[in-house]
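Okay, here's what each chain looks like letter by letter:
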Amino acid sequence: MKRLMKVMTVFLFAFTLLVSATAVKAEYSVKINQIDTTNFPEIKAYVSIVDDTSKPVKGLLENYFNILEDGAPGPTDFKIESMLLSGEPIAVVLAIDTSGSARGKVIKHAREAAFEFVEGLGENDLVAIVDFNDQEHIISEFTSDKETLKKAIEGLKVSGTRTALYDAIYKALEMASRPALPFRRVVIVLSDGKDEGSALTISDGITKAQASNIPVYTIGLGSKVDNKPLARISRLTGGISLLAPTSADLATLYDMISEQLKNQYILKYVSSSINGDGQQHTLGLSVTIGDSIFKDERVFTAPKTTATTMGTWLWIAVVVLIIMIIILIIVVVTRTRASGGLKGESSPGSATISESMTIIDSEMGGDETVMQSIRREGGAHPPDKTIIMKGMGEDFVSAWIEITKGPDKGKSFNLKEERTKIGRSGACEISLSDDTISREQAVIVNEDGKYRLTDLASANGTFVDGKKITTRVIKDGDKIGFGNTEVVLKTVKSK
């Protein structure tokens, strides 16, 4: 019996050690928040790594990381930098629910949590504030002045009976996508209820966030909150989704988000396998901590740079070469005349042969041809000899839009070589004064001479010949409508 008791004691001790070892094994989460391709082929990724309590994991070096590009092993020559050392600024939009359910302690705790978040920001960081109830409102534009922000937060008031959550998310993303802001941008949404009365959907917000490369962090407040749409937009945009059982938990969660943003890792490398093709690619990242590997991946669009840039410079080089040839011929002929004629010209009184040489530049296939005629007398060559210098490219298409209806009726706008964005925003290549269209309504992309129109998740939609579209190749004479504006596409093809 004693021997049996001893065996049981040893077994229980070993089992306890095994359970303890399993219990203390930490779990981690890797999240690629944003990918910057501004200096492509250099790629810059912002990465958050947290433990199972959502606290940032610090001090990881290059040997912890591995890169995958489109599922294949990526470069091994890369750098990892801590955001704390980098000090890059960030632009944050706080979207705060002020509907009727936020009365009492809820709005009080929301103000206090927002105060602490603003207080913890760097001197170059920017914050804007949006609140929402029956509709969304801009409470404060972007500023780094903490006193201004605190006054705006203090002025938050509960009103209304509905929660225009999805409209508010889209409005916050519109603000965060302004071109003059720092690259690091984030939207933080606090809501304690389901969406009620929005004109937009959560899918509109996801599309906008992905197109603008902006992560959305969400905080669902209360035990009855519908957190599925909030978790979805966070997951698909590189943000995180948190739950606050009570409003007293808000300060802790805002502080958690602040710490994660401050302790991001910056991954920098030069892509070895992705070309500037304008297509979507996948960046995968695996982080080895202890004997475990934690992974994440994020889709991004490689800028269409290499081919376009080389093509543009090639056209420029050819045109410059042709112009230089024409100038050279003019100089030679002028000097020859000044010296008394061409060598071997006929003697006085003999018959004179007249030659007309025309050089026509058909390069670029444009509507205008560069023509230089040089007339020489006394030459021994046949008259009216014409040399045509053919272009190297295919048909060239010029395109523009004419506005036939709306506040800008009568105006015409040329389309850009690659892409032309249309909307109310002054940052768009074609900025319209129609208040019924979105700040970024649609984009027209030149696909090797064909023009593709894509709606940018606009509020009122984009139409071609009366039919609502998401994306479509358009042709000469197509009528395009958005809001109260109607335009007609015009194209000219020439060789």
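The present account deals with the structure reproduced in this document. These numbers were taken from a predicted model, which means no experiment stands behind them.

## Observations regarding the side chain of Ser247
Note that Ser247 resides in the loop between β11 (241-244) and α8 (250-262). Those residues in contact with Ser247 that lie beyond four places of it in its chain are Lys105, Val106, His109 and Leu221.

## Comments concerning the pairing of strand β12 (residues 265-270)
Inspection of the sheet shows strand β2 (residues 42-51) paired to β12 by 6 bridges, in the antiparallel sense. Counterpart to Tyr46 in the pairing with β12 is Ile266.

## Regarding a nonpolar patch on the surface
A cluster of nonpolar side chains, Ile316, Val320 and Met324, forms an exposed patch at the surface whose accessible area comes to about 260 Å². In this structure, Met324 sits in helix α9 (residues 306-338). According to the relative accessible area criterion, Met324 is exposed, its value standing at 53%.

## What to know about the sheet that holds strand β3 (residues 65-69)
In spatial order, the strands read β4-β3-β13-β14; together these 4 strands make up an open sheet with antiparallel pairing. A single partner strand is all that each edge strand has here, and the edge strands are β4 (72-73) and β14 (292-301).

## What about the sheet that holds strand β26 (residues 471-474)?
Pairing in this open sheet of 5 strands is mixed, and the strands run β21-β20-β22-β23-β26 from one edge to the other. Edge strands, defined here as strands with exactly one partner in the open sheet, are β21 (430-431) and β26. Bridge count for strand β23 (residues 450-455) against β26 is 4 bridges, and the pairing is antiparallel. In the sheet register, Tyr451 faces β26, and the bridge partner there is Ile474.

## Here we look at the nonpolar core
Of all hydrophobic cores here, the largest spans 34 residues; its most connected members are Leu94, Ile188, Leu250 and Tyr254. Looking at this core, the elements with two or more residues in it are β6 (91-97), α3 (105-119), β7 (126-132), α4 (146-154), β9 (185-191), β10 (216-221), β11 and α8. For this core, the element with the most residues is α3, which contributes 7 residues. When residues no more than four places from it in sequence are discounted, the contact partners of Tyr254 are Leu94, Ile96, Ala113, Phe117, Ile188, Leu190 and Ile219.

## Comments concerning the packing of aromatic side chains
Evaluated as defined, the whole model comprises 4 aromatic pairs. Both rings, one in Phe117 and one in Tyr254, keep their centres 6.1 Å apart while their planes meet at 65°; by these two values the pair is edge-to-face. Linking Phe117 in helix α3 with Tyr254 in helix α8, this pair joins segments that are 137 residues apart in sequence. Taking the relative accessible area as the measure of exposure, Tyr254 reaches 1% and is therefore buried.

Thresholds, definitions, all that
Residues numbered from 1 in each chain as written. Predicted model: local features only at pLDDT ≥ 70, side-chain atom pairs only at ≥ 80, totals over all residues. Heavy atoms only, no water. Helix = DSSP H or I, 4+ residues; strand = E, 2+ residues; numbered from the N terminus. Contact = heavy atoms within 4.5 Å. Pairing = 2+ DSSP bridges. Patch = residues over 30% accessible without salt bridge, like charges linked within 9 Å, V, L, I, M, F, W, Y side chains within 5 Å. Areas by Shrake-Rupley, 256 points an atom, 1.4 Å probe, with all protein chains shown as cover. Salt bridge = Lys/Arg side-chain N within 4 Å of Asp/Glu carboxyl O. Buried < 20%, exposed > 50% of the residue type's maximum accessible area, 1.4 Å probe, protein only. Core = buried A, V, L, I, M, F, W, Y, C linked by side-chain atoms within 4.5 Å. Phe/Tyr/Trp six-rings, centres within 6.5 Å; stacked < 30°, edge-to-face > 60°.

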